[in-house]
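The primary structure of each chain is shown beneath.
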Amino acid sequence: MEKKVYFVLGGVRSGKSDYAQSLAARLFHRVVFCATAGAHDEEMKDRILKHRKKRPGPWHTIEAPLHPAEALRAHIKNTEAVLVDCLTIFTANHLLAADADRHPEYTKTIIEKELVELMYLYDQNEASLIFVSNEVGTGVVPPTPLGRRYRDLLGWVNIWVGRKADHLILMTAGIPLDIKQLHRTQEPWLREHRLM
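Each value, and the rule that gives it
Residues numbered from 1 in each chain as written. Predicted model: local features only at pLDDT ≥ 70, side-chain atom pairs only at ≥ 80, totals over all residues. Heavy atoms only, no water. Helix = DSSP H or I, 4+ residues; strand = E, 2+ residues; numbered from the N terminus. Contact = heavy atoms within 4.5 Å. Areas by Shrake-Rupley, 256 points an atom, 1.4 Å probe, with all protein chains shown as cover. Core = buried A, V, L, I, M, F, W, Y, C linked by side-chain atoms within 4.5 Å. Buried < 20%, exposed > 50% of the residue type's maximum accessible area, 1.4 Å probe, protein only. Expected span 1.5 Å × (residues − 1). Axes fitted to C-alpha atoms, helices over the stretch in contact; angles between N-to-C directions. Parallel < 35°, antiparallel > 145°, perpendicular 65-115°, else oblique. Left-handed = near helix turned anticlockwise from the far one by under 90°. Salt bridge = Lys/Arg side-chain N within 4 Å of Asp/Glu carboxyl O. Phe/Tyr/Trp six-rings, centres within 6.5 Å; stacked < 30°, edge-to-face > 60°. Lys NZ or Arg CZ within 6 Å of the ring centre and 35° of its normal.

*Asks:* Talk me through the overall build of the protein chain; I want residue IDs and the actual numbers.
*Replies:* When you go through the protein chain residue by residue, the secondary structure sums to eight helices and seven strands. Intrachain contacts of the protein chain at a sequence separation of at least 6 include 74% that bridge at least 24 residues. Just so you have it, the protein chain exposes about 11200 Å², and 55% of that area is on carbon and sulfur atoms.

*Asks:* How would you sum up the side chain of Asn-158? Please name residues and give values.
*Replies:* By the element assignment, Asn-158 lies in helix H6 (residues 145-164). In contact with Asn-158, other than residues within four places in its own chain, are Phe-7, Leu-9, Ser-133, Asn-134, Glu-135 and Val-136.

*Asks:* An account of the nonpolar core is needed here, citing residue identities and associated values.
*Replies:* By size, the foremost hydrophobic cluster in this structure holds 32 residues, and its most contacted members are Leu-87 and Phe-131. Those elements giving two or more residues to this core turn out to be strand E1 (5-10), strand E2 (31-35), helix H3 (68-72), strand E4 (81-85), helix H4 (87-97), helix H5 (104-124), strand E5 (128-134) and H6. Excluding anything up to four places from it in sequence, Phe-131 contacts Val-5, Tyr-6, Phe-7, Val-8, Val-84, Leu-87, Leu-118 and Val-161. Core analysis: the second largest hydrophobic core is formed by 18 residues, Tyr-6, Leu-23, Ile-130 and Val-132 among them.

*Asks:* Provide a residue-level description of helix H1 (residues 16-27), including the pertinent values.
*Replies:* Counted at 1.5 Å a residue, the expected span for H1 with its 12 residues is 16 Å, and the 16 Å between its end C-alpha atoms agrees. For H1, the complete set of buried residues consists of Lys-16, Ser-17, Tyr-19, Ala-20, Gln-21, Leu-23 and Ala-24.

*Asks:* Would you mind going over the packing of H4 against H6 in detail, with residue names and values included?
*Replies:* Here H4 crosses H6 at 130°, and the two axes come no closer than 10 Å. By the angle between their directions, the pair H4 and H6 is classed as oblique. In this structure, the crossing between H4 and H6 has a hand that is right-handed. Contacts between H4 and H6 involve Leu-87, Thr-88, Thr-91, Ala-92, Leu-95 and Leu-96 on the former and, on the latter, Leu-146, Tyr-150, Leu-153, Leu-154, Val-157 and Val-161.

*Asks:* I'd love a proper account of the environment of Val-157, names of residues and values included.
*Replies:* Of note, Val-157 is situated in helix H6. Looking at Val-157, the relative accessible area reads 0%, which means it is buried. Once the C-alpha coordinates of Val-157 and Leu-115 are considered, the two residues, 42 residues apart in sequence, prove to be 8.7 Å apart. Contact partners of Val-157, with chain neighbours within four places excluded, come to Leu-87, Thr-91, Ile-111 and Leu-115.

*Asks:* Tell me about the pattern of salt bridges, and please be specific about residues and values.
*Replies:* Opposite charge on two side chains permits them to pair, given that their charged atoms come into close proximity. Taken as a whole, this structure holds three salt bridges when the rule is applied. For Arg-151, the salt bridge identified is with Asp-152, shortest N-O distance 2.9 Å.

*Asks:* Give a description of the packing of aromatic side chains that names residues and reports values.
*Replies:* Counted according to the given criterion, the structure contains zero aromatic pairs. Over the face of the ring belonging to Tyr-122 we find Lys-3, whose NZ or CZ atom lies 4.4 Å from the ring centre.

Take a look at the structure:
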């Protein structure tokens, strides 16, 4: 099967993680699940445990809150697909790890470096990539400067990954819609705005 980049995007509780897992299970046998969330409190520990139980037994899980490419380097040659869940928390991890108030562009540069390294791994190996992220373009304007920086940064991350993706699946109320399969009528606008 030809390798591809899949990007599953949706709002909170839209079914994006469940869909991404079902997609990976349907298309691939050997899957590495790359988790970006950390268990910082009891509620989060419970969530992570529930997510783990949903994954097929043979899948290999690695935890990489900040540097997924580095963590995946030892595993990608022996797998058919890597599922990164999710870019939402990955972006927040970097924003909180950096001095975002003083160096917002530095945070963006570090995240782009990580994304470039992930795509380099993809180019050099045979495994498909499946990314999961939250759509932030339909929510309310955050009331704090940090919240607005986060919204802007995650929006930029989503655009970056969306441009690389072969399939961009938008989840709405648990229903998947592959946006890239419908984009042909919008090609002139997409080219003009460098989204192709």
